[in-house]
Amino acid sequence: MEKRVLLCPPAYFDVVDQKNPHMAAKQSVDREKARRQWQALCSALEQAGCQVETIAPAPGFEDMVFAANQVFVGFHEGIGKFIVPSRMLHASRRREVPLYVDWYRQRGFKIIEVDLGADSLEGNGDLLWHPDWSRIYAGCGFRSTEAGVNKFCDAMSKLGIPVITLHLIDPFCYHLDTCFCPLNNEAVLIFPGAYAPESLTTLRSFWKRVHELTADEAHKFMGNGIVANGRYLTPYLTPHLEDILRRENLALVLLDTSEFEKSGGSLFCMKAFLP
């Protein structure tokens, strides 16, 4: 089954400030290496049967390459494909949102505006669909505020879409997509230390199989992988993760994202699947 996926070339990608603990080292970016790594991701997605689409990068928008964050992408039988624009926590990233909203608008997506006020909500970084599109999991605590998620829940309830709120407590797992990766309708890959106890209990109740990463694995973005047509794209591999993928019948695809990790992101952060 072909999937359409949106990416943004890293032409202006850089690390200019510290937005998460991964950025503390303030390492300089090798843009040519970043371009090669991004191109390898595009190629791997195409080899997995995905149709890659791109949005034009803009000068001065150093984080625009992380295409998961600027909007939440969805589909509903009643209204078709839609997006919910984000309100990013950091002002430098809020500038990206209109560019992405325009891209989606030009392609027929309905825009569902949520009045977030001073609250933040960071798109598919913190808002992830169950693989069968039956519910949404919403992370909050670092980038998306609890109030922002509650406002999103209210908007989705009008469409009859349930939202499961999960509180994050590990600053290295500042987005839900760093510690939560659905592998199929029954199995999920998580880092349990990223969640408040009550949220971890809630999360477990929705899955038949919960595979747990260690802190070291999660902090190396192994839970920030991409599931694409029977493959799992990941920046690193351990025997533990390899065993999990084998049990879930997922083929391994290893991709270097070292340049993007300097900014606290990896594979999942760099793409948005389109309905």
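As a reminder, the structure under discussion sits directly above these lines.
Residues numbered from 1 in each chain as written. Predicted model: local features only at pLDDT ≥ 70, side-chain atom pairs only at ≥ 80, totals over all residues. Heavy atoms only, no water.

**Things to note about the nonpolar core**
Membership of the largest hydrophobic core comes to 25 residues, with the highest contact counts inside it found for Leu-41, Leu-45, Leu-233 and Phe-260. Mapped onto this core, the elements with two or more residues apiece are β1 (3-7), α1 (31-47) and β12 (226-228). With 6 residues, the top contributor of residues to this core is α1. Excluding residues that lie within four positions of it along the chain, Phe-260 makes contacts with Pro-10, Phe-13, Ala-34, Gln-37, Trp-38, Val-65, Phe-66, Gly-265 and Met-270. (Core = buried A, V, L, I, M, F, W, Y, C linked by side-chain atoms within 4.5 Å. Buried < 20%, exposed > 50% of the residue type's maximum accessible area, 1.4 Å probe, protein only. Helix = DSSP H or I, 4+ residues; strand = E, 2+ residues; numbered from the N terminus. Contact = heavy atoms within 4.5 Å.)

**Re the sheet that holds strand β14 (residues 251-254)**
The 3 strands are arranged β12-β13-β14 in an open sheet whose pairing can be described as mixed. Edge strands, defined here as strands with exactly one partner in the open sheet, are β12 and β14. Sheet twist, expressed as the average angle between the axes of neighbouring strands with direction ignored, equals 25°. Sheet analysis places strand β13 (residues 231-234) next to β14, joined by 4 bridges and oriented parallel. (Pairing = 2+ DSSP bridges. Axes fitted to C-alpha atoms, helices over the stretch in contact; angles between N-to-C directions.)

**A few points about the sheet that holds strand β6 (residues 127-129)**
In space, the 3 strands of this open sheet follow the order β6-β7-β8, with mixed pairing throughout. The sheet is open, and its two borders are formed by β6 and β8 (163-167), each paired with just one other strand. Pairs of neighbouring strands in the sheet enclose a mean axial angle of 25°, with direction left out of account. Here β6 pairs with strand β7 (residues 136-140) via 3 bridges, running antiparallel. For Leu-128, the partnering residue across the bridge sits in β7 and is Tyr-137.

**Quick word on α1**
Along its 17 residues, α1 runs 24 Å from first to last C-alpha, staying within 8% of the 24 Å computed at 1.5 Å per residue. Taken together, the buried positions of α1 are occupied by Ala-34, Gln-37, Trp-38, Leu-41, Cys-42, Ala-44 and Leu-45. The buried residues of α1 all sit within an arc of 165° when viewed along its axis, so they share a single face. Here the buried face of α1 lies against β1, β2 (50-54), β12, β13, β14 and α9 (258-261). The opening residue of α1 is Asp-30, an N-cap whose side-chain oxygen sits 3.2 Å from the backbone nitrogen of Glu-32. Two residues or fewer after α1 comes Gly-49, characterised by a positive phi angle close to 90°. (Expected span 1.5 Å × (residues − 1). Arc of directions from axis to C-beta. Polar contact = N/O pair within 3.5 Å; in protein donor to acceptor, adjacent residues only side chain to side chain.)

**Structural notes on helix α6 (residues 197-204)**
Residues of α6 that are buried include every one of Ser-199, Leu-200 and Leu-203, and no others. The buried residues of α6 occupy an angular sector of 100° when projected down its axis, which confines them to one face. Among the exposed residues of α6, those pointing more than 90 degrees away from its buried face are Pro-197 and Thr-201.

These figures come from the coordinates and say nothing about function on their own.
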